[in-house]
Amino acid sequence: MKEVSIKGVFMINILGSSVPSVMLEDKEGHLMPIHIGNSEAISINSALRKETMPRPMTHDLMIAMLERLDSKIESVLIDEKIDNIYYGRLKIIRDGADMEFDARPSDCIAMALRHNAPIFINEELFMSDSINKENFLDSGAGTGID
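Each value, and the rule that gives it
Residues numbered from 1 in each chain as written. Predicted model: local features only at pLDDT ≥ 70, side-chain atom pairs only at ≥ 80, totals over all residues. Heavy atoms only, no water. Helix = DSSP H or I, 4+ residues; strand = E, 2+ residues; numbered from the N terminus. Rg over C-alpha atoms; globule rule 2.2 N^0.38 Å. Buried < 20%, exposed > 50% of the residue type's maximum accessible area, 1.4 Å probe, protein only. Contact = heavy atoms within 4.5 Å. Areas by Shrake-Rupley, 256 points an atom, 1.4 Å probe, with all protein chains shown as cover. Lys, Arg positive; Asp, Glu negative; His and termini not counted. Charge placed at Lys NZ, Arg CZ, Asp CG, Glu CD. Arc of directions from axis to C-beta. 1 Å grid on protein atoms, 1.4 Å probe; cavity = no way out; pocket = protein on both sides within 12 Å on 5 of 7 lines; lining within 4 Å. Points joined across faces, edges and corners; volume = space filled by probe spheres on them. pLDDT = per-residue confidence, 0-100. Patch = residues over 30% accessible without salt bridge, like charges linked within 9 Å, V, L, I, M, F, W, Y side chains within 5 Å. Salt bridge = Lys/Arg side-chain N within 4 Å of Asp/Glu carboxyl O.

Concerning the overall build of the protein
The helix and strand inventory of the protein stands at 5 helices and 8 strands. Secondary structure elements of the protein occur, N-terminal to C-terminal, as β-β-β-α-α-β-β-β-α-β-α-α-β. Whereas a compact globule of 146 residues would reach a radius of gyration of roughly 15 Å, the protein reaches 15 Å, a difference of no more than 12%. For the C-alpha atoms alone, the extent of the protein along its principal axes is close to 45 × 35 × 30 Å. Sorting the 146 residues of the protein into buried and exposed places 42% on the buried side. Taking all contacts inside the protein whose residues are at least 6 apart in sequence as the whole, residues at least 24 apart take part in 56%. When the accessible surface of the protein is split by element, carbon and sulfur atoms take 50% of a total near 8500 Å². Between the averaged position of the 15 positive side-chain charges in the protein and that of its 24 negative side-chain charges there is a distance of 6 Å.

Here it is as structure tokens:
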């Protein structure tokens, strides 16, 4: 497993349409995009910017519930890609017991950012789907979701 950080949320042009993507980055500077939905993009972007909304967003609510239940997000794992869909797991600890929940990587990432939990990805998957940083930065991909 490889630990990654979140480089940001970008709008990437795919077949003439802009698609929000969260960009994962490893310590060596390799990048890997995961295409996500608009609401997840907004949630991840607001967590990256440490913005607080006037009312709790879904991921904020989930974090508040975990905290109230004396639970903690230990980590996030993105470990599979089937039919071009990434699969993730959220690892939670409560009273010393580990629990794993199947979840979309975008939801896992949004929650991990709010809880400062590490994000891991299958190294083989990351390397096979990573893109060249210079080509990405030169592509003119839009940064951020407003």
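Overview of helix α2 (residues 58-68)
When α2 is considered as a whole, its buried residues turn out to be His 59, Ile 63 and Leu 66. End-on view of α2: buried residues confined to an arc of 60°, all on one side of the axis. Residues of α2 that are exposed and point over 90 degrees away from its buried face: Thr 58 and Arg 68. Summarising the contacts, the buried residues of α2 are in contact with α1 (38-48), β4 (71-82), β5 (85-94) and α3 (105-115). Positive phi shows up at Asp 70, right after α2, with a value of about 55°.

Observations regarding the layout of surface pockets
The rolling of a water-molecule-sized probe over the atoms marks out the regions of remaining empty space. Within this model, the largest pocket holds a volume of roughly 270 Å³. What lines the largest pocket is a set of 14 residues, and nearest its centre among them are Ile 34, His 35, Asn 84, Ile 85 and Tyr 86. For the lining of the largest pocket, the secondary-structure elements that each account for two or more residues are β3 (31-35), β5 and α3. Considering each element in turn, the lining of the largest pocket owes the most residues, 3 residues, to β3.

Considering the confidence of the model for the protein
On average, residues of the protein score 91 in pLDDT, and 91% of them reach the 70 mark or higher. Element-level pLDDT for the protein is lowest in strand β8 (residues 142-143), with a mean of 53, against a maximum mean of 98 in strand β7 (residues 119-121).

So, a nonpolar patch on the surface
On the surface, Leu 61, Met 65 and Leu 69 cluster together into a nonpolar patch covering about 290 Å² of accessible area. Relative to the helices and strands, Leu 61 is located in helix α2.

What about the pattern of salt bridges?
Within this structure, the stated rule accounts for 11 salt bridges. Ionic pairing is found between Glu 40 and Arg 104, a salt bridge with its closest N-O pair at 2.8 Å. In this pair, Glu 40 is assigned in helix α1 and Arg 104 in the loop between β6 (97-103) and α3, connecting sequence segments 64 residues apart. Assessed through its relative accessible area of 46%, Arg 104 is described here as partly exposed. One connected set of salt bridges, linked through shared partners, spans Lys 2, Asp 26 and Glu 28.

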